[in-house]
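Listed below are the residues making up each chain.
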Amino acid sequence: IAGITQAPTSQILAAGRRMTLRCTQDMRHNAMYWYRQDLGLGLRLIHYSNTAGTTGKGEVPDGYSVSRANTDDFPLTLASAVPSQTSVYFCASSDSWGESPLHFGNGTRLTVT
Amino acid sequence: AQTVTQSQPEMSVQEAETVTLSCTYDTSESDYYLFWYKQPPSRQMILVIRQEAYKQQNATENRFSVNFQKAAKSFSLKISDSQLGDAAMYFCAYRSAYSGNQFYFGTGTSLTVIP
């Protein structure tokens, strides 16, 4: 089934540890995104990539990094986790431009203690 | 960055009744795309309906329809014959037709369906 796969589904992480959230899509979409969802704040864009080899900063990029080595994979790394990064993280993808909607993964619930 | 506002954090509706969720946005662009997403307790994000700003006709998908008022920058979602399975968080989203691929989301409306 075509779609986006995120891993892990959930994770508890000690503050200061490094963590990479994985995201893979098989729809050959050019654009990929990482959002975090927090109660009352909706979805906020962390980083995005319009095409393989390029990345850009979203609304809340601090403390996160991404890479886009190929079309399918878009990992999100927390170099040194802090409790404020406790959130649900969604990876998404879309065709470039137009009325193509976002397709979402099922999210990763991350708790930083 | 564009701003999307959902002014109703919570709404409730009786089963089989109709409910309207509001969404407004701030933009100076003439062409863009608007979306409504549903997020049930499963956490999955599901596309409900989409609308292109240049299309005059309001989009409809079964029991879901929109009231798109371009001049007022309003994009409300109407759910008719509400069902228990409609209970979810609903997010409105904006996508520019010009500048990049970014989507901007509102803060969401939590819909409760009362049996």
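Refer to the structure above for everything that follows.
Owing to the predicted nature of the structure, the values given are computational and were not obtained by experimental measurement.

1. Section: the pairing of strand 9 (residues 74-79) of chain B
Residue and element names in this part refer to chain B.
(1) Moving on: Burial of strand 9 is extensive: five of the six residues sit out of reach of the surface.
(2) Moving on: Here strand 3 (residues 19-21) runs beside strand 9; their pairing, made up of three bridges, is antiparallel. Across the sheet, the residue bridging to leucine 21 is leucine 77, located in strand 9.
(3) Moving on: Of the strand pairs in this sheet, strand 8 (residues 64-69) and strand 9 are connected by six bridges, and their pairing is antiparallel. Counted as the bridge partner of asparagine 67 is serine 76 from strand 9.
(4) Moving on: The turn linking strand 8 back onto strand 9 is made up of four residues, and lysine 73 within it adopts a positive phi angle of 55 degrees.

2. Points about the nonpolar core
Residues and elements named next belong to chain B.
(1) Moving on: Grouped together as the largest cluster of nonpolar side chains are 26 residues, with contacts concentrated most on Tyr25, Trp36, Phe75, Leu77, Tyr90 and Leu111.
(2) Moving on: Of all the elements in the fold, those that place two or more residues in this core are strand 3, strand 5 (32-39), strand 6 (46-52), strand 8, strand 9, strand 10 (88-96) and strand 12 (109-114).
(3) Moving on: Per-element accounting of this core gives the leading share, four residues, to strand 10.
(4) Moving on: In this structure tyrosine 90 touches Gln6, Leu21, Trp36, Tyr37, Lys38, Val48, Phe64, Leu77, Ile79, Gly108, Thr109 and Leu111, once residues within four positions along its chain are discounted.

3. A word on the interface of chain A and chain B
(1) Moving on: Taken together, the contacts link 29 residues of chain A with 22 residues of chain B.
(2) Moving on: Taken over both partners, the interface formed by chain A and chain B buries close to 2100 Å², and the fraction arising from carbon and sulfur atoms is 53%.
(3) Moving on: One can count zero salt bridges joining chain A with chain B.
(4) Moving on: Seen at the junction of chain A and chain B, the total is ten residue pairs in polar contact (both at pLDDT 80 or more).
(5) Moving on: Those elements that place two or more of their residues in the side of chain A that touches chain B are strand 4 (31-38), strand 5 (42-49), strand 9 (87-94) and strand 11 (108-112) of chain A.
(6) Moving on: Looking at the side of chain A that touches chain B, its residues break down into 13 nonpolar, twelve polar and four charged.

4. Quick word on unusual backbone geometry
Negative phi characterises most residues that are not glycine, and trans characterises most peptide bonds.
(1) Moving on: Here the bond from alanine 7 of chain A into proline 8 of chain A is cis, since omega is -5 degrees, no more than 30 degrees from zero.
(2) Moving on: Assignment of secondary structure puts proline 8 of chain A in the loop between strand 1 (4-7) and strand 2 (10-13).
(3) Moving on: At asparagine 62 of chain B, a position not held by glycine, the phi torsion is positive, near 55 degrees.
(4) Moving on: Residue position: asparagine 62 of chain B is located in the loop between strand 7 (60-61) and strand 8.
(5) Moving on: You can call asparagine 62 of chain B exposed: its relative accessible area is 78%.

5. Points about the environment of glutamate 17 of chain B
Residues and elements named next belong to chain B.
(1) Moving on: One can find glutamate 17 in the loop between strand 2 (10-14) and strand 3.
(2) Moving on: Overall, the relative accessible area of 45% leaves glutamate 17 in the partly exposed class.
(3) Moving on: As for glutamate 17 and isoleucine 114, which are separated by 97 residues in sequence, their C-alpha atoms are 9.8 Å apart.
(4) Moving on: Excluding residues within four positions of it along the chain, glutamate 17 makes contact with Ile79, Ser80, Asp81 and Ser82.

6. Here we look at the environment of alanine 92 of chain A
Residue and element names in this part refer to chain A.
(1) Moving on: In this structure, alanine 92 sits in strand 9.
(2) Moving on: In this structure, the C-alpha to C-alpha distance between alanine 92 and leucine 78, residues 14 residues apart in sequence, is 18 Å.
(3) Moving on: Residue contacts for alanine 92: discarding those within four places in its chain leaves Ile4, Ala31, Met32, Tyr33, Leu102, His103 and Phe104.

What counts, and at which threshold
Residues numbered from 1 in each chain as written. Chains lettered and ligands numbered in written order. Predicted model: local features only at pLDDT ≥ 70, side-chain atom pairs only at ≥ 80, totals over all residues. Heavy atoms only, no water. Buried < 20%, exposed > 50% of the residue type's maximum accessible area, 1.4 Å probe, protein only. Helix = DSSP H or I, 4+ residues; strand = E, 2+ residues; numbered from the N terminus. Pairing = 2+ DSSP bridges. Core = buried A, V, L, I, M, F, W, Y, C linked by side-chain atoms within 4.5 Å. Contact = heavy atoms within 4.5 Å. Buried area = accessible area lost by both parts, 1.4 Å probe. Salt bridge = Lys/Arg side-chain N within 4 Å of Asp/Glu carboxyl O. Polar contact = N/O pair within 3.5 Å; in protein donor to acceptor, adjacent residues only side chain to side chain. Nonpolar A, V, L, I, M, F, W, Y, C, P; charged D, E, K, R; others polar.

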